[in-house]
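So you can see what is in the structure, the chains are spelled out below.
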Amino acid sequence: MNDLNIVGGTLVRPEGCLAGGLEIKDGRIVRVLKPGEAPDPAKETVNAEGMLVFPGMIDSHVHIRGGKLSHREDFASGTMAAAAGGVTTVAEMPVANPPASTEEAFLARKAEATAAAYVDVALYGGAGADNLEDIGRLARQGAVAYKTFTMPPVPGREAEFYGLCSETQDALCAVMERVAPTGRLLAVHSELNQYVAAETKRRMDAGENGLKAFCRSRPVEAETAAVAWVIEAARKTGCRASVCHVSTPEAVKMIQAARAEGVQVYAETCPQYILFNEDTAEHAGVFARMKPPLRDPQRMAELRRMYRDGAFAMTGSDHAPYLKEEKLKNGQDIWHTFDGLPGLELSLPLLLNAVADGTLTCEAIAEATAESTARMLGLAPRKGRLAEGADADVVLVKKYAVPVPLDISKLFTKARESAVLYEGLPMHYTIVRTYVRGEKVFQEGTITGKQGWGTFVSPAE
């Protein structure tokens, strides 16, 4: 007897949507039902009529914080947010205090995550010029991928960035030489400080403030010049590399050209870059400050078309939780606040807003949030697809009859009050249920799972 049958819904796969159902047993999908096929008996049957049945989202870019920074987010609150947003696996970045750039810190992070998580967790390891000897060890401990920055540590946050910076092209090559033999992906925050520092100083000296001033202080060239570094280093070393949170079409085109030449370089983006721009986010002020910044409306629209057409191998929220009082520590001074915004539980619903207006498809979302991400991180075929033998990571989604304004006070993240950018946004779809390995962890606004149900996942060796 099956543990669970989900029947009557529309299954979403990258190659198309089809009416059907799922049979689930012992945490796995044991059968994908076609229209008219009768399911075998089950302990529970869920009627998903009128609902979309998505593979659980694998968020490729999450900053949980935890540890000494648990006041901002911990693995319990962060993975509750994930469950509420249809995210069944979080891939957590190593920026923390201490960062996951040594075996000791990585293993402590793993223990902290698995004790508290409601959904499955994968961990990036740090890779920088100052922890080269640790890189191979982190893969052996199960790091799903690595992270590095082409910029120096954020002033005042040096402790969080040990083993995470590759500030020269030679340093980036040295890091890639260590990552390449592991077969893991190196995710690169790609901005060059020399393009940012002078423009930031010029605008600050001129007395400029506000979101647009910040966005324009980080020009397109800061991203594209860093992407050129990544491509060249990947070409020389054979390392698999991804450019994190791509914000410009120019960078995408560079990556596509390099891929055509056989370089293993890929693009990740975040919902905010394809759904918001410097105009539509201006009202949020410091709460919309992020790196790289939001771009102009034309670039945003082109990025969205590229997302629809399959240009992005991964989708990450870049969930960066800070409390409202931290973001407002200097009022609305855009130059002296923390970077980032919470988005873990909103990525999938926000992307579905673009389905409602006809600019994205469910198939493109399933590919870039689940199936392709699973391949990139070495989690396929176990994760990322509604297929026989895969983990039963399943999300039921329903369209509202009338759009419902987003109430950020109902979010599960500790940083909910910092989600100002999204307050009142008309939402067209809602997450009805989230299943992780067949276990219902979220239903209609309520967390139904248990702490510790989430497991540590890593690439199959």
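Every chain is numbered independently, its residues counted from 1 as its sequence is written. Confidence filtering applies because this is a predicted model: local features only for residues at pLDDT of at least 70, side-chain atom pairs given and counted only at 80 or more, and all residues used for totals across whole chains, interfaces and linings. For side-chain calculations, the full set of non-hydrogen atoms in the structure is used, while hydrogens and water are omitted.

## A closer look at the pairing of strand β3 (residues 28-33)
And step 1. Two strands are said to pair when DSSP picks up at least two bridges between them. The helix and strand labels rest on DSSP assignments: H or I over at least four residues marks a helix, E over at least two residues marks a strand, and numbering proceeds from the N terminus. Bridging between strand β2 (residues 16-25) and β3 involves five bridges; their strand directions are antiparallel. The partner of glutamate 23 across the bridge, within β3, is arginine 31.
And step 2. Hairpin geometry of β2 and β3 is characterised by an intervening segment of two residues between the two adjacent antiparallel strands and by a positive phi of about 50° at aspartate 26.

## Concerning the nonpolar core
And step 1. Put simply, a nonpolar core is a bunch of buried Ala, Val, Leu, Ile, Met, Phe, Trp, Tyr and Cys residues held in one set by side-chain atoms that sit within 4.5 Å of each other. Exposure classes here rest on a 1.4 Å probe applied to the protein chains alone. A residue is buried below 20% of its type maximum, exposed above 50%, and partly exposed in between. Counting 110 residues, the largest nonpolar core has Phe54, Met176, Leu186, Phe312, Leu352, Ile365 and Tyr422 as its most contacted members.
And step 2. When residues of this core are assigned to their parent elements, the largest contribution, eight residues, is made by helix α7 (residues 220-237).
And step 3. Any pair of residues with heavy atoms lying within 4.5 Å of one another is described as a contacting pair. With sequence-adjacent residues up to four places away left out, leucine 186 is seen in contact with Ala127, Tyr146, Lys147, Thr148, Leu172, Val175, Met176, Val179, Cys239, Arg240, Ala241 and Ser242.
And step 4. Grouped together as the second largest cluster of nonpolar side chains are 18 residues, Met93, Ala145, Ala187 and Leu377 included.

## Examining helix α2 (residues 103-116)
An α-helical turn contains 3.6 residues, so a residue and the one three or four places further along point in the same direction.
And step 1. Expected span of a helix, by definition, is 1.5 Å for each gap between consecutive residues, and there is one gap fewer than residues. Here α2 contains 14 residues, and its C-alpha end-to-end distance of 20 Å stays within 8% of the 20 Å for a straight helix at 1.5 Å per residue.
And step 2. Along α2, the residues that are buried comprise Ala105, Phe106, Arg109, Ala113 and Ala116. One side of α2 holds all its buried residues, which, seen down the axis, span an arc of 110°. Facing away from the buried side of α2, by more than 90 degrees, are the exposed residues Glu104 and Ala115.
And step 3. Those residues of α2 that are buried are in contact with α1 (75-84), β7 (87-92), β8 (120-126) and α3 (135-140). Arc definition: directions from the helix axis to the C-beta atoms.

## Examining helix α13 (residues 362-376)
And step 1. In this model α13 runs 20 Å from its N-terminal to its C-terminal C-alpha over 15 residues, within 8% of the 21 Å that 1.5 Å per residue would give.
And step 2. Think of it this way: the bend at a residue is just the angle between two axes, each fitted to seven residues, one set ending at that residue and the other starting at it. Of all the bends in α13, the greatest, near 40°, is centred on alanine 368.
And step 3. Burial analysis of α13 places 12 of its 15 residues in the buried class, which makes it a mostly covered element.
And step 4. Every buried residue of α13 is accounted for by Cys362, Ala364, Ile365, Ala366, Ala368, Thr369, Ala370, Glu371, Ser372, Thr373, Ala374 and Met376.

Honestly, that's just the spatial picture; any functional story needs more than this.
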